[in-house]
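Single-letter residue listing:
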Amino acid sequence: MLNRFPKISLSLLVPTFVVVLFTVIVTIQFFVERSQLQQDLAESKSEQITSSLFRMRHVVESALSNQDLERIEQEVSLVGTDVNMQVYALLDMSGEIHYANHVIWRESNAKSVLEGYQEQLHQNVVTNEQAFVDIDFERLEIQVYYPLNSNNRYSYSNTINLIYLEYGISGLVSSASDQLLARFVYVQASGLIAIIFFCLTLHWLLVKPLKRLSASARHVGEDSFDADFVSPSKEVADLRDYLKLVSGKLSRCNKRLNDAEQRWLFAVEGARNGIWDWDLVSGDVFISDRWKEILGYQAYELDNDYSVWESRLHPEDKPQVLLTLQNYINNKTDNYESVHRLRHKTGRYTWVLDRGKTVEWDSKGSPTRLIGSITDVTGDVKTQRLAPSKNASQSNLTDLIDRESLANELYDLQVYSRKAGQFSALLMINLNNFKLINDALGRQIGDRLLIQIAARLTGAFSHVGTVARLGSDEFVILARNFGGELEQANKRALALASEVRQLIGRSFSVSEQNLSISARVGIVVFEGIESLEPQTLLARADGALVQAKDSRSNGCAIYYPHYDENSRPFDLGHELKQALASEQISLVYQPVVDQAGRLHSLEALLRWYHPLHGFISPKKFIPIAELSDSIFELELLAIEQACHLIRELQQDEQQAPLISINISSRHFHQSHFVSMVVSKIQSKKVKLQNIQLELKGDIFSVNADEARLKLLELQRHGLKVALDDFGAGLCAFYQIQGIGFSQVKLSQHYLNNLESSTESINVLNGVVDLARQLSLPVVGKHIENKMQLHKLTQARCSYFQGYIISRPLNITDTKQLIQSQLSLSVVT
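Residues numbered from 1 in each chain as written. Predicted model: local features only at pLDDT ≥ 70, side-chain atom pairs only at ≥ 80, totals over all residues. Heavy atoms only, no water.

Regarding its fold elements, the protein presents 24 helices and 26 strands. Out of the 828 residues in the protein, the part that is buried amounts to 44%. Summed over all atoms, the accessible surface of the protein reaches about 43,800 Å², with 51% contributed by carbon and sulfur. (Helix = DSSP H or I, 4+ residues; strand = E, 2+ residues; numbered from the N terminus. Buried < 20%, exposed > 50% of the residue type's maximum accessible area, 1.4 Å probe, protein only. Areas by Shrake-Rupley, 256 points an atom, 1.4 Å probe, with all protein chains shown as cover.)

Taken together, the side chains of V20, V24, I28 and V32 make up a nonpolar region of the molecular surface, amounting to roughly 330 Å² of accessible area. Locating V20 in the fold gives a position in helix α1 (residues 4-65). (Patch = residues over 30% accessible without salt bridge, like charges linked within 9 Å, V, L, I, M, F, W, Y side chains within 5 Å. Salt bridge = Lys/Arg side-chain N within 4 Å of Asp/Glu carboxyl O.)

The next subject is the sheet that holds strand β17 (residues 556-558). Taken in spatial order, the five strands make up an open sheet running β12-β13-β11-β16-β17, and their pairing is mixed. Of all strands in the sheet, those bounded by a partner on one side alone are β12 (465-471) and β17. Averaged over all adjacent pairs, the angle separating strand axes in this sheet is 20°, with direction ignored. With six bridges joining them, β12 and strand β13 (residues 474-479) adopt antiparallel strand pairing. Following the sheet pairing, G465 is matched in β13 by A479. Sheet contacts for helix α15 (residues 534-548): β11 (424-431), β12, β13, β16 (519-526) and β17; angle to β16, the most-contacted strand, approximately 135°. (Pairing = 2+ DSSP bridges. Axes fitted to C-alpha atoms, helices over the stretch in contact; angles between N-to-C directions. Contact = heavy atoms within 4.5 Å.)

The next thing to look at is the packing of aromatic side chains. Within the structure shown, the criterion is met by eight aromatic pairs. With 4.8 Å between their ring centres and 70° between their planes, Y609 and F615 make a pair best called edge-to-face. Relative accessible area serves as the criterion here: at 63%, F615 is assigned to the exposed category. Through a chain of ring-to-ring contacts, three or more aromatic side chains come together here, namely Y117, F132, Y145 and Y164. Between the NZ or CZ atom of R480 and the centre of the ring of Y416, over which it lies, the distance is 4.1 Å. Over the ring of F668 we find K710; its NZ or CZ atom is 5.4 Å from the centre of that ring. (Phe/Tyr/Trp six-rings, centres within 6.5 Å; stacked < 30°, edge-to-face > 60°. Lys NZ or Arg CZ within 6 Å of the ring centre and 35° of its normal.)

One finds I661, F668, I681, L711, L719, F741 and L746 to be the most contacted residues of the largest nonpolar core, which totals 73 residues. With eleven residues, helix α18 (residues 630-651) is the largest single contributor of residues to this core. Ignoring sequence-local partners within four residues, the contact set of I661 consists of A604, A638, I639, A642, I691, Q692, L693 and E694. Ranked by size, the runner-up nonpolar core spans 40 residues in total, among them I477, F482, A497 and V702. (Core = buried A, V, L, I, M, F, W, Y, C linked by side-chain atoms within 4.5 Å.)

A few words now on the side chain of N690. In this fold, N690 is placed in the loop between α20 (673-683) and β22 (691-696). For N690, a relative accessible area of 14% puts it in the buried group. Excluding residues within four positions of it along the chain, N690 makes contact with I646, Q650, A656, P657, L658 and I659.

A separate point is the packing of helix α16 (residues 572-581) against helix α17 (residues 618-626). The N-to-C vectors of α16 and α17 enclose an angle of 90°; their axes lie 10 Å apart at closest approach. On the basis of the axis angle, α16 is roughly perpendicular to α17. Facing L572, G573 and L576 of α16, the residues of α17 in contact are K620, F621, I624 and A625. Classifying every residue of the contact of α16 with α17 by side-chain character gives five nonpolar, one polar and one charged. (Parallel < 35°, antiparallel > 145°, perpendicular 65-115°, else oblique. Nonpolar A, V, L, I, M, F, W, Y, C, P; charged D, E, K, R; others polar.)

Tracing the sequence through the fold places A495 in helix α14 (residues 486-505). Sequence-wise, A495 and C556 are 61 residues apart; in three dimensions their C-alpha atoms are separated by 9.5 Å.

You can see H314 is positioned in the loop between α8 (306-310) and α9 (318-329). Given a relative accessible area of 12%, H314 falls into the buried group. Beyond its immediate chain neighbours, meaning those up to four positions away, H314 contacts R341 and Y349.

For the rest of this paragraph, the subject is the sheet that holds strand β2 (residues 97-100). Taken together, five strands build an open sheet; the order of strands is β2-β1-β5-β4-β3 and the sheet is antiparallel. Each edge of the open sheet is held by one strand with a lone partner, namely β2 and β3 (132-136). Taken pair by pair, the neighbouring strands of this sheet meet at an average axis angle of 15°, ignoring direction. Across three bridges, strand β1 (residues 85-92) lies against β2 in antiparallel orientation. Among the inter-strand pairings, L91 is bridged to a residue of β2, identified as I97.

By the criterion of burial, strand β18 (residues 585-593) is predominantly enclosed, with eight of the nine residues buried. Two strands pair when backbone bridges link them, and β18 and strand β19 (residues 599-610) are joined in this way by nine bridges, in the antiparallel orientation. In the strand pairing of β19, V592 is matched with S601. Connecting β18 to the antiparallel partner β19 that follows it, the hairpin turn spans five residues, and G597 within it adopts a positive phi of roughly 85°.

Counting buried positions along helix α12 (residues 434-441) yields six of eight residues, so the element is predominantly enclosed. Taken as a whole, α12 has its buried residues at F434, L436, I437, N438, A440 and L441. With its phi angle positive at about 105°, G442 sits one or two positions after the end of α12.

What follows is the structure in structure tokens.
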């Protein structure tokens, strides 16, 4: 009898399959014809648009040459009468909109107002002089980048060089689709009649009896189970009898299982953890009621399926979580543990600590079943939430506890340390290259990176104390119970700081980019006997951070009282801004000579003379400037003063030497850096070939491809580009291939130990030889004695710079040097 049931079912399913297949074929034909129709209409319209743009190109170029701007206005207005023309804009190289079919867009940047506009595509189209046409059938629109005024494509003036348009084709497609749809409905109607007739027959023969059986089956194993009904189908009657037997057995098993489950759940619920059980073979996932409760769901609301968990992972956390889980399944790690966010029923995200362990394996030793738990750690994260930043651009960033709460924590921690007789520690963490990443990739990427860093710190160190965030690139950890002896407490604090640096040093995945960032840590260890203001403790930690910059500290330093004597971290930034406003910043020029002592070039160096404090070392104010926008002003000031010197020399009919200006990586990665520098130099009526920009290898640490394109663009304008600190490991050698630097300046490290180490001399010779094989002139800098000069000469350096050659000269001495064409003797 059991063999007859599938035969009956198959005989009923065959006509259903035929009807469904007919419907599918008709439907596929409709979509194929509609897709082809859309393609033909879109291509036809694209050809019309391209033809009209060809005409518009000549109109614009003619109007610009005749300064007849009103004609362009008329042409754009005429185009705007087409209701399907969504965007029609004339842009310059910087993306500024000069003319548009909507007046409100004019004099705005296309990136800000046009959603579909891409600046990189704009630049590629203008550079290649090749129009870009894209038909987007998802949005039913045609997007076109059409180049104009190609003779000025490298100009950073406001010349119009592109027409950008978006044309909607939904109306064209809709009318044609309606005709196809009418034919489709007619064909489908015939099929629908056949399906209805077939379904009625199927319901009478099989569905109705099975429905009654299904209603009874819902209560199998329960006291309310009742299958005493008469069925016209013998097969259904057999199933009914089997269900009666199964119901009795299941009722007894449920009783035993329920007793065991109650004992197990009592233990689990006491820990307030949500349980999950994943069968890797079948893909089934059991999730406990507490698991659902953590995410705001009732016990009956979520299915036991793997997608229930994966679909609720926060998009930013998901790649890393899945990678961590996969590494554990592949036996690459010893345990699975992750702190991430899961979407709550309300739409917000809940922070959880997710742990798992393999409990079953197959014959080959591969995991087949995992059991784990999640713990709601949102409470821990919320206690570490910052108030909105005063900066509106950061007001939506979820941070850690605010300064007021941190101050209270510091007071409480000192009281605890005093009563317990235990040392505690304040760790101030500074992210070394965060501002570079933030400037190069944008604030949104920077904010996501900060959130991941905060989550990583909280997940790893919330058990030792409090984690807080002070500013854009600074975090704080308050840790207790470091023991009663200062020396031991210092060792434990340094170990914790080292662990922090290693944790942050692991790469982060943000928006499909792998980012690396390093940190340094300043440490204050205290026992609470001396009750200190929170600001005093933070200032001491900041002083220790300054010492952590020393390469010998390995990025970690403990505060000692004598640091206060040399610390001026809070005044220097403000004083620097005043110095720029009051013209306290000037330039000196250090000569670079060849082996014969002939002047080759000058390096412009910034100097700051403070009215009260005298000369302030660049080693102090340059790092402060790099933490703010003052570095941009300083470097533009250096360019302006260097151009002024060149103009004076030209007016005196003297040949101006090449002047080299140091540029920071932050400034280099600004979006308008090239246009800003070129326009600044050209406005001073100085040839671009007279200026050389010195850049360090860390420009390749973020967006290496973009950095390479920007270097080549600078060279196309005629500017010379030098690579500073060559061989210091700031970039890989393969990244500088094909750029053609005008100079490479050796890192000062290669001058160490030349007197006592043959190996140091061999390394120096090898690095210089590598540069020469790449056809890169080598400059030996920071030369302080004859021995160093002699070794660099033997290594066949091209040029030399340092105090043994000449100190940096003021502008008067520099002019005198150039005027007299003084040859500086090189003693070898």
